[in-house]
Amino acid sequence: MKAVVVQFPGSNADWDAMRALRDVAMIATEFVFHKASSLPSGTDLVVLPGGFSFGDYLRCGAIARFSPIIAAVRQHAERGGFVLGICNGFQILTEANMLPGALTRNTHLRFECRDIHVRVDAEGPFTAGLAASVLRLPIAHAEGRYHADEETLAMLERERRVAFRYVRDNPNGSLNDIAGIYGGPRRNVLGLMPHPERACEPALGSADGRQLLSSITKSILAR
Amino acid sequence: MTEPTVDAALALEYGLSEEEFVRACEALGRTPNFTELGVFSVMWSEHCSYKSSRVHLSRLPTTGARVIQGPGENAGVVDIGDGWTAVFKMESHNHPSFIEPFQGAATGVGGILRDVFTMGARPVALMDSLRMGAPDHPKTRGLLTGVVAGISAYGNAMGVPTVAGDLQFDSAYNGNILVNAFALGIAKKDKLFFGRASGIGNPILYVGARTGRDGIHGATMASAEFDDESDAKRPTVQVGDPFMQKLLLEACLEIFAADVLEGVQDMGAAGLTSSTVEMAGRAGTGVELDLDCIPRRAKKLAPYEILLSESQERMVMVARAGMEERVLEICRKWDLDACVIGRVTDTGRWVIKATPGYDPLSGDPAPHESAKQVFVDIPVSVLTDDAPKYNRPIADEPRALSKYPLDIASIAYDPRADLLEILASPNVGSRAWIWRQYDHIVRVGTAVRPGAADAAVIRVFCDDSMNGTTPSPREKWLALKSDCNARFCELDPRAGAAMAVAESCRNLACVGAEAIGLTDCLNFGSPKRPEIMAQFAAAIDGMRDACEALGVAIVSGNVSLYNETETPEGSRAILPTPMIGAVGLIEKPADVLTMGFKRVGDLVAILGPHGPGAMGGSEWVWTKTREVKGTPPSIDLQAEARLQRALISLARRGLLASAHDCSEGGLAVALAECSIAGGLGALVRIEEITAGPQAMFGEDPTRVIVSFLPSQLQLIERALADAKVPMRLIGSVVSESLAIEGGPTWTIHEMASAHARALEAVVG
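These notes cover the structure that comes with them. Everything quoted here is computed from the prediction, not taken from an experiment.

### Here's the deal with the overall build of chain A
- Of the regular secondary structure elements, chain A holds 5 helices and 11 strands.
- Since a compact globule built from 223 residues should have a radius of gyration of about 17 Å, the 16 Å found for chain A is in line with a globular shape.
- Based on the C-alpha atoms only, the size of chain A along its principal axes is roughly 40 × 35 × 35 Å.
- Of the contacts made within chain A by residues no fewer than 6 positions apart, 74% connect residues no fewer than 24 positions apart.
- Put simply, chain A has 25 plus and 23 minus side-chain charges, and the middle of one group is 2 Å from the middle of the other.

Set out below in structure tokens:
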């Protein structure tokens, strides 16, 4: 099993992802700089981490999609390889058209960091056996309001690609309470705004994020 | 630009007194030119030279077994064991934040982070200590909103969690808010870097953002009182770019790891001037710089402007000869500007050369060596050790307490209504509106989040690579808190400052941590007023008293004077505010305590001496009268030290379920906070509750509320008797409400909702 965490200039949850994958899930993990044009051979999982890629002074993720590594990530996904975009990583995946829709400014216009609850609404490689479970995960974003046109929303619902939905309260005004969606030819691409990698150790208040790690570990081993 | 003629009158406009101008002329043996006048103006400013405070600062305890680097460097360094250190400092950005709250606060965070990573540390935590004007003052809402947004924007983008802080409101800050930012980083003991220009002939490099015209004379601005023209000072405020600084951080850590540097320093106040002068001063060397090659973003910059610009996100590095190419290579990887701008010399002089009129941005051809002229030539020591130092006049008494009589009996007291009113006070209630705007969990280390305990607890990773590539790095656990009850300092600066030190350390003890080092940010009015200097001198004495009693040292700090505003009624100074940032070490994660009650049936007790219920300067009095008056509490520092030691020992033995200190709002507010945080109440006996507000709302220090299993009572009693710490059992934990025997009852829900809406009145 091999995972990589892509480091864009301005990534800041790259360490969080490394810690969860390498030290908690015990997956061999390395950092890959955004200027690289290929992924290390044998890469099973690519994580696009949270942060403020290129400062996010423009739309979040709008510049990161032009980084050389993105072409390699796209190819990896098209071949069915696993890709996980967390927070800024989700924003980058939508900007790169690897996932539909867009993440826009929270309705209350502030950056917000707190624990929220999401319900698993669709199973896939990252959520195998988790349908209907409710997870406590932290959010930390200013642009997390999921938006898409009606047709896209209908498609996501019809194809059961809404992986996570906010329950109890919707922290950012996302349409259909969407917190994360699946994409890729085999649901092998997941983007979500909450940070499962920051909820993998009981010392941090919640270890619910580990369930995603166990699921993706099993999915990698099953291939 | 045509240079004005330099004389005493011009010097005065640039902040130099007549005596200081004469002193500058004598030191040079001639009249300084205009560029040199600018250099004297910033280097001899209060902000850079500490000329009024140095004589007093020398009384602070700054050494100890754990202290690796005390004051005088970019940040203090303390040993946290196993070859690792905590590097930390607190700094003010008061004046810029009042003029432009978002950028002022953002660049305050940026500056303190640079101070920490300059030492070779990876920053892992931030705190913010804010003082705002009256909650209903027309400027307060915009200032608080802007400051919090600025801290959030910079800290979040840098990926450094803001984990704690504190906030108090008082009309004394109406015209002078305080924004004190604290940063802490982790470094290997044998991989620390210092701001020294060592090694004759070594190349000096400029790394980071290009130089513009922003912030010119920021240090001079920060060394003067505000007046009606303060809005016109906006151009002296710097503009921050956290993305640039994130690149700078990662590039610096990579350069440090490459082991090619002799010294490094960030360009903060007074920019290129102060950084290179201080580096030469510490190393006892000289410096020669060529301004022609400075990266710039504004056209037609004069040497004067380049030297005094406070453009952010810039560093000066001294590389070992021949190693400069490695530095430049790493900067290219991170798309950062970098170039060699000069050399270390053996002359002891600070020499600046440039080609007059040369502007690379206008496409001018590279100038010939012979066209360069010397714009500045000043002995380094004149700007550093030999800068003016003043022992300014001190009034006999800082303040006469009798000026502030307090008649408690004349104020209506209703224990039930008063508690709810104080819980909803902007000084006491929930700060969630603030800390939710901060990414307080990035770096997966925040074990105790804001609002859950008296101090934040972070897990830090001692990662040899400094960039996250060491598998399963060693973990250490630190606690952080900042404190200062400035009301007590106003009423009694010496006791107030001692209590600020004591409270910050007590807050660490309440999470099971032992204080290992302090930093300070001393915010006062004008040093030219003897009564302000009296406050300052007394506060230093109080800090020293408490540090000595508690066995802890001040390892870094910052002084911010001239926090005054000219008003039609005369000059208005802030409350004297010696802010303390405290860092503690936790032996093992199981020791960590939080404030919330944990189990129904646990016993509730107060540790510490039974005080008289001091009401002077209390939140109860402020809530009722909006005034700071009366005789403040006094503190027995030996009793404080015994309490803190005993509390840490009980935590390490795993005997306690919760701990929370009594501060603003006294015992009643502390019990309410334990109840709100734990979602459980308590049934308690408080004697003399009907006699007056003293028992409920008095603010005697040196008291901690703890809860524990009844089966632990004997062990706890024995330990406390041995430690000579009094304990009073007052009741036990129950569900749903806080109730006082024979007195009022409050539901958790009503207390929590009062607490939750505290900042609503301010931020809307």
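So that's the structure; there's more coming.
### Side note on helix 21 (residues 637-652) of chain B
Residue and element names in this part refer to chain B.
- When the terminal C-alpha atoms of helix 21 are compared, their 23 Å separation across 16 residues agrees well with the 22 Å that a helix rising 1.5 Å per residue should span.
- Buried within helix 21 are the following residues: Leu637, Ala639, Glu640, Ala641, Leu643, Gln644, Ala646, Leu647, Ile648, Leu650 and Ala651.
- Sitting at the head of helix 21, Asp636 places a side-chain oxygen 3.0 Å from the backbone nitrogen of Gln638.
- Of the residues flanking the end of helix 21, it is Gly654, one or two places downstream, whose phi is positive at about 70 degrees.

### Focus on the nonpolar core
- Counting 215 residues, the largest nonpolar core has Leu45 and Phe164 of chain A together with Leu184, Leu261 and Val327 of chain B as the members making the most contacts within it.
- Per-element accounting of this core gives the leading share, 10 residues, to helix 19 (residues 530-550) of chain B.
- Those residues in contact with Leu184 of chain B, other than ones at most four positions away along the chain, are Ala86, Val87, Phe88, Val116, Arg122, Pro123, Val124, Ala125, Ile458, Leu478, Leu480 and Val583 of chain B.
- The next biggest cluster of nonpolar side chains, apart from the first, holds 52 residues, and it includes Ala24, Met43, Val318 and Leu383 of chain B.

### Regarding the interface of chain A and chain B
- Each partner contributes residues to the interface: chain A has 30 residues there, and chain B has 39 residues.
- Between chain A and chain B, the buried area comes to about 2,800 Å², and carbon and sulfur atoms account for 58% of it.
- Here chain A and chain B share 5 salt bridges between them.
- The partner of Asp115 of chain A in a salt bridge is Arg449 of chain B, and the shortest N-O contact between them spans 3.0 Å.
- Put simply, chain A and chain B have 16 residue pairs in polar contact (both at pLDDT 80 or more) between them.
- At the level of elements, helix 1 (14-24), strand 2 (28-33), strand 6 (112-120) and strand 7 (134-141) of chain A are the ones that each hand at least two residues to the side of chain A that touches chain B.
- Broken down by element, the residue count for the side of chain A that touches chain B peaks at 6 residues, all from helix 1 of chain A.
- Along the lines of polarity and charge, the residues of the side of chain A that touches chain B split into 14 nonpolar, 4 polar and 12 charged.

### Re the pattern of salt bridges
- Scanning the entire structure with this criterion turns up 64 salt bridges over all chains.
- When the shortest N-O distance is used, the salt bridge between Glu201 of chain A and Arg459 of chain B registers 2.6 Å. Placement of the pair is Glu201 of chain A in the loop between strand 11 (189-192) and helix 5 (210-221) and Arg459 of chain B in strand 15 (residues 456-462), with the two residues belonging to separate chains.
- The class for Arg459 of chain B is buried, based on a relative accessible area of 4%.
- For Arg529 of chain B, the salt bridge is made with Glu564 of chain B, and the minimal N-O distance between the two is 3.1 Å. Taken together, the residues Arg529 of chain B in the loop between strand 17 (514-523) and helix 19 and Glu564 of chain B in strand 19 (residues 564-567) connect sequence positions 35 residues apart.
- Connected through shared salt-bridge partners, Arg19, Arg22, Asp23 and Glu201 of chain A together with Arg459 and Glu475 of chain B make up one network.

### A look at the pairing of strand 26 (residues 727-735) of chain B
Residue and element names in this part refer to chain B.
- Bridge count between strand 22 (residues 603-607) and strand 26: 5 bridges; the pairing is antiparallel. For Leu607, the partnering residue across the bridge sits in strand 26 and is Met727.
- When strand 24 (residues 680-684) meets strand 26, the two strands line up antiparallel, connected through 5 bridges. Note that in strand 26 the partner of Val684 across the bridge is Gly731.

### Examining helix 19 of chain B
Residue and element names in this part refer to chain B.
- Taking 1.5 Å of rise per residue, the 21 residues of helix 19 would be expected to cover 30 Å, and the 30 Å separating its terminal C-alpha atoms lies within 8% of that figure.
- Across the 21 residues of helix 19, 16 count as buried, placing the element largely inside the fold.
- Positive phi appears at Gly551, one or two residues downstream of helix 19, with a value of about 65 degrees.

### What about the sheet that holds strand 1 (residues 67-69) of chain B?
Residue and element names in this part refer to chain B.
- The sheet built from 6 strands is open, its strands ordered 1-2-3-6-4-5 with mixed pairing. Each of the sheet's edge strands pairs with one partner strand only, and the pair in question is strand 1 and strand 5 (162-169). For this sheet the average axis-to-axis angle between neighbouring strands, irrespective of direction, equals 25 degrees.
- As defined by bridge partners, strand 2 (residues 76-81) adjoins strand 3 (residues 84-92) across 5 bridges and the pair is classed as antiparallel. By the bridge assignment for strand 3, Gly81 is matched with Trp84.
- Contacts from helix 7 (residues 101-117) reach strand 3, strand 4 (122-132) and strand 6 (178-188) within the one sheet, and its direction differs from that of strand 6 by about 25 degrees.
- Packed onto the sheet, helix 8 (residues 140-158) meets strand 4, strand 5 and strand 6 and runs at close to 175 degrees relative to strand 4.

### With respect to the environment of Phe524 of chain B
Residue and element names in this part refer to chain B.
- Residue position: Phe524 is located in the loop between strand 17 and helix 19.
- Distance from Phe524 to Gln535, taken between C-alpha atoms, is 8.2 Å for residues 11 residues apart in sequence.
- In this structure, Phe524 is in contact with Ile532, Gln535, Phe536, Ala539, Ser560, Leu561, Tyr562, Asn563, Ile574, Pro576 and Pro578, ignoring residues within four places of it in sequence.

The rules we used
Residues numbered from 1 in each chain as written. Chains lettered and ligands numbered in written order. Predicted model: local features only at pLDDT ≥ 70, side-chain atom pairs only at ≥ 80, totals over all residues. Heavy atoms only, no water. Helix = DSSP H or I, 4+ residues; strand = E, 2+ residues; numbered from the N terminus. Rg over C-alpha atoms; globule rule 2.2 N^0.38 Å. Contact = heavy atoms within 4.5 Å. Lys, Arg positive; Asp, Glu negative; His and termini not counted. Charge placed at Lys NZ, Arg CZ, Asp CG, Glu CD. Expected span 1.5 Å × (residues − 1). Buried < 20%, exposed > 50% of the residue type's maximum accessible area, 1.4 Å probe, protein only. Polar contact = N/O pair within 3.5 Å; in protein donor to acceptor, adjacent residues only side chain to side chain. Core = buried A, V, L, I, M, F, W, Y, C linked by side-chain atoms within 4.5 Å. Buried area = accessible area lost by both parts, 1.4 Å probe. Salt bridge = Lys/Arg side-chain N within 4 Å of Asp/Glu carboxyl O. Nonpolar A, V, L, I, M, F, W, Y, C, P; charged D, E, K, R; others polar. Pairing = 2+ DSSP bridges. Axes fitted to C-alpha atoms, helices over the stretch in contact; angles between N-to-C directions.

Keep in mind these values describe shape, not function.
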